[in-house]
Amino acid sequence: MKKQTLGHQSNHVTKSERVENLWKKLIRQETDLSDETITWMTRRIRLLTEYMAYGCALIAYRKQNGDFYMARATLVYYETCFHRKYDIERIQNHVVYWDIEQQGWRTFQIENFLEWKPVVN
């Protein structure tokens, strides 16, 4: 992956690293999770968004009301529906996905993410 520089930083930082660092700050503000757990979550969310661009995933997360939710999700239709490429830098605190069973676009808050796995048909 090509490293991109930021004007005020002397080190080279990838887009993924920038996004994961932003997500870590956001999750840290909203939870009392350990740094290890937050690092794990941000990496898993990044891998999830990369996977959903081409496939279907089973996502587990907590809804805002605290209820547990599992969704079969994809981003395959994102570019067609929104007329732009999916960009992880646009994720501030919600991850958007197409809910296959509900047949609609949904989001979850990054701090409520639990886990995901690929769905193989």
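The rules behind these values
- Residues numbered from 1 in each chain as written.
- Predicted model: local features only at pLDDT ≥ 70, side-chain atom pairs only at ≥ 80, totals over all residues.
- Heavy atoms only, no water.
- Helix = DSSP H or I, 4+ residues; strand = E, 2+ residues; numbered from the N terminus.
- Rg over C-alpha atoms; globule rule 2.2 N^0.38 Å.
- Buried < 20%, exposed > 50% of the residue type's maximum accessible area, 1.4 Å probe, protein only.
- Contact = heavy atoms within 4.5 Å.
- Areas by Shrake-Rupley, 256 points an atom, 1.4 Å probe, with all protein chains shown as cover.
- Lys, Arg positive; Asp, Glu negative; His and termini not counted.
- Charge placed at Lys NZ, Arg CZ, Asp CG, Glu CD.
- Pairing = 2+ DSSP bridges.
- Axes fitted to C-alpha atoms, helices over the stretch in contact; angles between N-to-C directions.

- Labelled according to an unreviewed UniProt entry, the protein chain appears under the name DUF2693 domain-containing protein, originating from Bacteroides cellulosilyticus CL02T12C19.

1. Topic: the overall build of the protein chain
Here is step 1: A tally of regular secondary structure across the protein chain gives 3 helices and 7 strands.
Here is step 2: Each helix and strand of the protein chain, placed in order from N terminus to C terminus, yields the pattern β-β-α-α-β-β-α-β-β-β.
Here is step 3: Whereas a compact globule of 121 residues would reach a radius of gyration of roughly 14 Å, the protein chain reaches 15 Å, a difference of no more than 12%.
Here is step 4: Projected onto its principal axes, the C-alpha positions of the protein chain cover 45 × 35 × 25 Å.
Here is step 5: When burial is assessed residue by residue, the protein chain has 37% of its 121 residues classed as buried.
Here is step 6: Long-range contacts, defined as pairs at least 24 residues apart, comprise 50% of the intrachain contacts of the protein chain with a sequence gap of at least 6.
Here is step 7: Of the roughly 7,700 Å² of accessible surface on the protein chain, a fraction of 49% belongs to carbon and sulfur atoms.
Here is step 8: Across the protein chain, 18 positive and 15 negative side-chain charges occur, with their mean positions spaced 5 Å apart.

2. Section: the sheet that holds strand β6 (residues 104-109)
Here is step 1: If you walk across this open sheet you meet the 5 strands as β6-β5-β4-β3-β7, and the pairing is antiparallel. Of all strands in the sheet, those with a lone pairing partner are β6 and β7 (113-119), marking the two edges. When strand polarity is set aside, the average angle formed by the axes of neighbouring strands in this sheet is 35 degrees.
Here is step 2: Together, β3 (56-62), β4 (68-74), β5 (94-99), β6 and β7 form the strand contacts of helix α2 (residues 35-52), whose direction differs from that of β7 by roughly 35 degrees.

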